[in-house]
Amino acid sequence: MILANRRYEAGQLIRASMKAILAGLVLLLLLWLFWPNRRAMLVSLPSDIQSLFFCHAEEVEGEQFLSGGYYFDGAKHQSDEVAYAGRYSCKLPLGEELQFGFNFRLPNPQPGELYQASVWRNKARRGEDGFLVASAKGEGSFYRSAVFPTRSEGDWELVQVHFSIPLYQPIEEVSIYVYSQGKTVMYFDDLRIEKVGDLKDNEVFVPREVHLELKPEAMQQLRNKEAQARRRGMLVSEEEDWVKGAIVQPQSDSMTKVALRLKGDWLDHLKKDKWSFRVKCRNGQSWNRLRVFSLHTPAARNYLLEWVLHQFFLKEDILTTRYDFVTLALNQKPLGVYALEEHFDKALLEFRHRREGPIFRFSEEGFWEAMDRQMKQLEGIDHDIQQSVRLVETAEIVPFQENKTLQIEVLAQQYELAQTLLDQYRRGLKALDEIFDLDAMARYYAISDVMGAQHGLSWHNQRFYYNPITGRIEPIAYDGFGGEPVRRHSIRGQGAFNLRKLGSRNLDDKFFMDQGFVEQYMAYLYRFSSRAYLDAFMAEIQEGLALREVLLQQEFADYRFDVEKLMHNAQRANLLVLPYNNRSLRTYQVTNNGLDQALQIANTHSLPVEVIGYGTRADKISDTLHQPLLLEGFMPRLVNSITEAYGSRGLPLDSLNRSILWQPYHDQEFLNFQTLTLPANSQYLFLRPLGIDTIFHHQIRPWKAPYAQTPGQQLVQRYPLKAGGAYQLGTGEVYFRKGQHRIDAPIVVPEGYRVIFEAGAELDFVDKALFLSYSPVVMRGNEEQPIRITSSDQSAAGFTVLGASDQSRLHYVRFEDLKSLVREGWALTGAVTFYESNVEISRCEFFNNHCEDALNIIRSNFRLSGSVISDTFADGLDADFCKGRVENCLFQRTTNDGMDVSGSIVMIENCVMDNCQDKGISVGEESDVTILSAEIRVAPIALASKDLSTLLIEEVKLQDCGQGFTAYQKKPEYGGGKIIVKKYEADNVKRLYNIRENSLLQLVDKQIKG
């Protein structure tokens, strides 16, 4: 009976429980159906609140959020407008000052603890704002911030920051908080702080101790070598520099016999007693599985940045040297923390799971011998001296471990193959995919760009491995930083496929002319530079990084690894990868017959793109091109951003290296148009960056190209070439004979010819006759028999060369008494004009011409040397949108400017401006002009820089001038001008400078702002 009652009671209990469970399920279902944000059902608080602190913004007590028993500041900003999870978030309003939200003070942080903080941010309202910060006060203070997201979910994105509590420097308080700049409304939700490790309990990194022992005579030999290096200004290593020594193990009989020498090229490797060493083990021994390695100060490779770079290479399976940090003692004297780097031998390959094969390089011995000679003779380095021994074209290709390579037949044969491949690369004899593992090379260059590790890309720093399995060359990545990395203004791939930008200055330009390589490089660059990828990578190495930072701080107490600086530089690269809708193409309509339209298309994006299709709507491709149209990358003008960066960092402009300002002279180019025919109703083009699937669109507009010249076409048709008279016609050649010729009708040479003037040819253009050529002109005068182009009635309508496909050359030619071409609305300004026609002019005279410009060069590369421009109605030389050099020239008695430069990049050397009635040299409309040496006499204004132009002056002499240096804004659509003067002399100059608003003059060591 008792048993039966118990069974009855148990049944009642079960039935009651089932009813409760069912009621609960119904309640949960109702909540699921009607709760404003169903993600609230997913919210769960962490069970281990000792290692995880979490604020979901749902509960408020007073002026603080309450979550998991902990208080978080910022509750006054609780909002139910949007939420990532639950009903509430933390809303930061608009304001004149910074706006602060979630704020948590970490309770009882312990030395060595590693943390990760994260917060969800509403990206629909973000703009470029909304920061997550971890900040500590005290002796071990730090500041870590993040603004770039690591991943997205709908309208929300996750921002993360990592930080560690210093081991040996006390802190007072650690705060984790969010803030905005107050320029837009921001929403944050689900702040999470999690302990992810502890440096005190680590097994990740224990620094090894290196104890070097050397005999007194060996130490003396090293001291002698150090003294020699200081006298020479650099370290030049020789075979007899090696001394014998040993690495000993304290309190042990263990000893590794070694040979060592001083290492490094520059004196940063020989600071005080912190010398750098190259060490090789003797008698077949090894130390820590290394046979040859280097020891150098961490400062030589920017402390932890080189180690992070090596981890990046390892993550992406790029061959690289083992690189870490040790403590070093020399003859029991502690020298502090050193970076240890593996050298190039078989052990490197085995450790990275590669089969033995030759490791080789371009020999850099000639390069450093040239540097040594410069240091001796010039007491410094001048990179503008092109000693052939410094060039990669003359460098030998040599293996590491040469004796071993020669002694082992298989290695010797493999080296010969490797040497052949690298020489084919240097000489451009074979396709790159026949020579290199292009995928590995693409990863190598992309990582170097993301990290700003440009130092290792120099030809004399590159190392290679011949893979005997694939028969291809792989890079061995190392030496990415030669110290503090320079703030970059571009990435290595900018201007890819641009033949005018690439091909001669750098050996590895060949990679950026190869489509297969560029596709892989761009895909890797975009992936590696993304914040999500980098944040995951930094999380992987966080513990090892923090431990090594602690080690470095034992010697370099103020050193802090700046994660956000690395991230920011990577994002600078990332920003350059993708083109823009409606902004990255330039299109002009050539014809439209109602069925088809012919377009001229150029890429204005700095990386190459493919046009893949067309359509009538921006969101849909109607049809794809049978063959995508590949458009080369464009190189933007960089000099203004460089000078602005110097100014924003408080650096004096006179410290600018000349080669930095000359970079645009090498890089800037004009747009290269290609022709594409599409259906007449096509309104949009569709394009994609190489290697990336994202598609962009560009609206086609029915505009004609702005440089179409119908009067010129009429001249070609009306005045065809005829045999006889002043010239002879040959196959593809127009030949002007020696002697005097009277020309009374236009001479028009179409494209496809070569126009040659014989020495002694004299052409007198009368009755408004003119010379117009669409082909290159070669004028071969000499001192005894110059060529003369004159107009006895002073009516000649100019000497003009337009769009010539090859360079024109003028030598000993005199142009006199000419006017300019004016015909049916087509008006030029130059007595002599070269438009989109590269030209070299030497020993020529331009005298008594009656038009606005004696010589007008437009959109061309030019060189003007040893020439005289005299007695001109207005300007002497007018260079518009050009790149050129002017050397050893005289400009005298010009009614306006001696030289007028607009939108151009020009170098001027050893020129004289005498009696110019306006300005000696005028620079405007975003020009970059370098004056190496010049003399300006008798001018109201000697030198003027206006409208966002930069004028760099190495040396100038001014005499009898009204004003010396003037900088101003002339046109409202531009800004002011800059002038940087390194050396000058001024004699009888009434007003040395006149600097207007928004302009700047750096006068030697004095800066004058308008």
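If you're wondering where the values come from, they're calculated on a predicted model, not measured in any experiment.

Scoring rules and cut-offs
- Each chain carries its own residue numbering, running from 1 in the direction its sequence is written.
- Given that the model is predicted, a residue must reach a pLDDT of at least 70 before its local features are reported, and side-chain atom pairs must reach 80 or more before they are shown or counted; all residues, however, enter totals for whole chains, interfaces and linings.
- Excluding hydrogens and water, the side-chain values take into account all heavy atoms of the structure.
- Strands here are runs of E lasting at least two residues and helices are runs of H or I lasting at least four, both read from the DSSP assignment and numbered beginning at the N terminus.
- Three exposure classes are used, based on accessible area relative to the maximum for each residue type with a 1.4 Å probe and protein chains only: buried under 20%, partly exposed in between, and exposed over 50%.
- Any two residues whose heavy atoms approach within 4.5 Å are treated as being in contact.
- Only the stretch in contact is used when a helix axis is fitted, and all axes are lines through C-alpha atoms; the angle between N-to-C directions ranges over 0 to 180 degrees.
- Between 65 and 115 degrees an angle is taken as roughly perpendicular, under 35 as roughly parallel, over 145 as roughly antiparallel, and anywhere else as oblique.
- What makes a crossing left-handed is the near helix being turned counterclockwise from the far one by less than a right angle; a clockwise turn instead makes it right-handed.
- Under this grouping Gly is polar, as are all residues other than the nonpolar Ala, Val, Leu, Ile, Met, Phe, Trp, Tyr, Cys and Pro and the charged Asp, Glu, Lys and Arg.
- A pair of Phe, Tyr and Trp rings is counted when the ring centres sit within 6.5 Å of each other, with Trp represented by its six-membered ring. The angle between the planes then sorts it: under 30 degrees is stacked, over 60 is edge-to-face, the rest tilted.
- Criterion for a charge above a ring: Lys NZ or Arg CZ within 6 Å of the ring centre, and within 35 degrees of the ring normal.
- One bridge is not enough; two strands pair if DSSP finds at least two bridges between them.
- In the sections that follow, a salt bridge refers to a side-chain nitrogen of Lys or Arg positioned within 4 Å of a carboxyl oxygen of Asp or Glu.
- For the purposes of these results, a polar contact is taken to be a pair of N or O atoms within 3.5 Å, where, inside protein, one atom must be able to donate a hydrogen and its partner to accept one; residues adjacent in sequence count only when each atom of the pair is a side-chain atom.
- The predictor attaches a confidence to each residue, and that confidence, scored 0 to 100, is pLDDT.
- Here, expected helix span is obtained from the residue count minus one, scaled by 1.5 Å.
- This arc corresponds to the set of directions leading from the helix axis out to the C-beta atoms.
- Each patch is assembled from residues with relative accessible area greater than 30% and no salt bridge, linking like charges that lie within 9 Å and nonpolar side chains (Val, Leu, Ile, Met, Phe, Trp, Tyr) that lie within 5 Å.
- Per-residue and other accessible areas were derived by the Shrake-Rupley procedure at a 1.4 Å probe size, with only the shown protein chains allowed to occlude residues.
- Residues counted as positive are Lys and Arg, residues counted as negative are Asp and Glu, and His and the chain ends are not counted.
- By convention, the charge on Lys lies at NZ, on Arg at CZ, on Asp at CG and on Glu at CD.

Section: the overall build of the protein chain
Counting its regular elements, the protein chain contains 14 helices and 67 strands. Taking all 1010 residues of the protein chain together, the buried fraction comes to 55%. Looking at the protein chain alone, contacts between residues at least 24 apart form 61% of all its contacts between residues at least 6 apart.

Re unusual backbone geometry
For D317, which is not a glycine, the phi torsion comes out positive at approximately 55 degrees. Following the sequence through the fold, D317 ends up in the loop between α3 (304–315) and β22 (323–330). Taking the relative accessible area as the measure of exposure, D317 reaches 47% and is therefore partly exposed. Of note in the backbone geometry, D947 takes a positive phi value of approximately 55 degrees without being a glycine. Inspection of the secondary structure assignment puts D947 in the loop between β61 (928–946) and β62 (950–953). The class for D947 is buried, based on a relative accessible area of 1%.

Quick notes on the packing of α3 against helix α10 (residues 531–553)
As a packed pair, α3 and α10 sit with axes 10 Å apart at the nearest point and diverge in direction by 140 degrees. The angle between α3 and α10 falls in the class oblique. Crossing geometry of α3 relative to α10 is assigned as right-handed. Each of L304, W307, V308, Q311, F312 and K315 in α3 lies in contact with α10, whose residues at this interface are Y533, L534, F537, M538, E540, I541, G544, L545, R548, E549 and L552. Here the contact of α3 with α10 is composed, by residue class, of 11 nonpolar, two polar and four charged.

So, the environment of K1009
The topology assignment puts K1009 in strand β67 (residues 1006–1009). In this structure, the C-alpha to C-alpha distance between K1009 and E997, residues 12 residues apart in sequence, is 7.6 Å. With near-sequence residues (within four places) excluded, K1009 lies in contact with I995, S999 and L1000.

Looking at the packing of aromatic side chains
Across all of its chains, the model carries 51 aromatic pairs by this definition. Relative to F293, the ring of W287 lies with its centre 5.6 Å away and its plane at 35 degrees, an arrangement referred to as tilted. Lying across the ring of F400, R361 places its NZ or CZ 5.2 Å from the centre.

Comments concerning the sheet that holds strand β29 (residues 596–603)
The strand order β28-β29-β32 describes an open sheet built from three strands, whose pairing is antiparallel. Each of the sheet's edge strands pairs with one partner strand only, and the pair in question is β28 (585–592) and β32 (674–679). Within this sheet the neighbouring strands show an average axis-to-axis angle of 30 degrees, counted without direction. Examined bridge by bridge, β28 and β29 share seven bridges and lie antiparallel to one another. Residue pairing for β29: N592 is matched across the bridge by Q597.

As for the pattern of salt bridges
For the coordinates displayed, the defined rule picks out 49 salt bridges. Here R427 ties to D423 by a salt bridge, and the two come within 3.1 Å at their closest N and O atoms. Linking R427 with D423, this pair stays in helix α7 (residues 409–427), spanning four residues, or about one helical turn. Using a relative accessible area of 55% as the deciding quantity, one classes R427 as exposed. Put simply, K919 and D918 hold a salt bridge, and the shortest N to O gap is 3.1 Å. For D918, a relative accessible area of 22% gives the class partly exposed.

Quick look at the pairing of strand β36 (residues 733–736)
Every regular strand shows the same layout, with side chains that alternate between the two sheet faces. Judged by which residues are buried, β36 turns out to be one-sided: V734 and F736 face inward and are buried, whereas E733 and Y735, on the alternate face, are not. Sheet analysis places strand β35 (residues 727–730) next to β36, joined by four bridges and oriented antiparallel. Looking at the pairing, Y727 lines up with F736 of β36. As consecutive antiparallel partners, β35 and β36 are separated by two residues, and within that stretch G732 has a phi angle of approximately 70 degrees, a positive value. Sheet topology places β36 next to strand β39 (residues 754–757); four bridges connect them, and they run parallel. Bridge pairing links E733 to R754 in β39.

Considering the environment of T604
Among the structural elements, T604 can be located in the loop between β29 and β30 (609–615). Here the alpha-carbon distance between T604 and N672, two residues 68 residues apart in the chain, equals 9.3 Å. Apart from the residues lying within four places of it in its own chain, the contact partners of T604 are R583, S584, L585, R586, F634 and L671. Within the structure, T604 has its side chain in polar contact with the backbone oxygen of R583 (distance 3.0 Å).

Topic: the side chain of K263
Examined against the element boundaries, K263 turns out to sit in the loop between β17 (255–262) and β18 (270–271). Side-chain polar atoms of K263 contact the side chain of H296, separated by 3.3 Å. Setting aside its immediate chain neighbours within four residues, K263 contacts L235, H269, S276, F277, R278, S294, H296 and R301.

Quick notes on the sheet that holds strand β33 (residues 684–689)
Spatially, the four strands line up as an open sheet ordered β31-β30-β33-β34, and their pairing is antiparallel. Pairing within the sheet leaves two strands with one partner each, and these edge strands are β31 (623–631) and β34 (696–699). When strand polarity is set aside, the average angle formed by the axes of neighbouring strands in this sheet is 30 degrees. Judged from the five bridges that link them, β30 and β31 form a sheet pairing that is antiparallel. By the bridge assignment for β31, V611 is matched with L629.

A look at the packing of helix α8 (residues 438–451) against helix α9 (residues 515–528)
Axis separation between α8 and α9 bottoms out at 8 Å; the angle between their running directions is 40 degrees. It follows that α8 is oblique to α9 by the angle criterion. Both α8 and α9 take part in a crossing whose hand is right-handed. Residues L438, D439, M441, A442, R443, Y445, A446, I447, D449 and V450 of α8 form the contact with α9, whose participating residues are F517, Q520, Y521, Y524, L525 and F528.

Notes on the confidence of the model for the protein chain
This prediction gives the protein chain a mean pLDDT of 86; 88% of its residues lie at or above 70. The low-confidence segment residues 25–50 (pLDDT under 50) makes 31 contacts with residues lying over four places distant or belonging to another chain. Predicted confidence for residues 658–669 stays below pLDDT 50, and this span has 39 contacts to residues more than four positions away or in other chains.

Description of the side chain of T587
In this fold, T587 is placed in strand β28. Of the polar contacts made by the side chain of T587, one reaches the side chain of H698; its length is 3.5 Å. Setting aside its immediate chain neighbours within four residues, T587 contacts Q600, I601, L685, H698, Q699, I700 and R701.

Looking at helix α2 (residues 216–232)
The end-to-end C-alpha distance of α2, which contains 17 residues, comes to 24 Å, matching closely the 24 Å that a straight helix rising 1.5 Å per residue would cover. Of the positions making up α2, those classed as buried are A218, M219, L222, K225, E226, A229 and R232. The arc that holds every buried residue of α2, seen down its axis, measures 145 degrees, which confines them to one face. Facing away from the buried surface of α2 by more than 90 degrees, the exposed residues are P216, E217 and R231. Phi turns positive, to about 85 degrees, at G233, one or two residues after α2.

Comments concerning a negative patch on the surface
Among the surface-exposed residues, E955, D960, E985 and D987 lie close enough to one another that they form a single negatively charged patch. Its location among the elements puts D987 in strand β65 (residues 984–995).

So, the pairing of β61
Buried residues dominate β61, accounting for 14 of its 19 residues. Both strand β59 (residues 905–916) and β61 contribute to a ladder of nine bridges, which runs parallel. Each bridged residue has a counterpart across the sheet, and for I905 the counterpart in β61 is D928. Judged from the four bridges that link them, strand β60 (residues 919–924) and β61 form a sheet pairing that is parallel. The partner of S922 across the bridge, within β61, is A944. Pairing between β61 and β62: four bridges, direction parallel.

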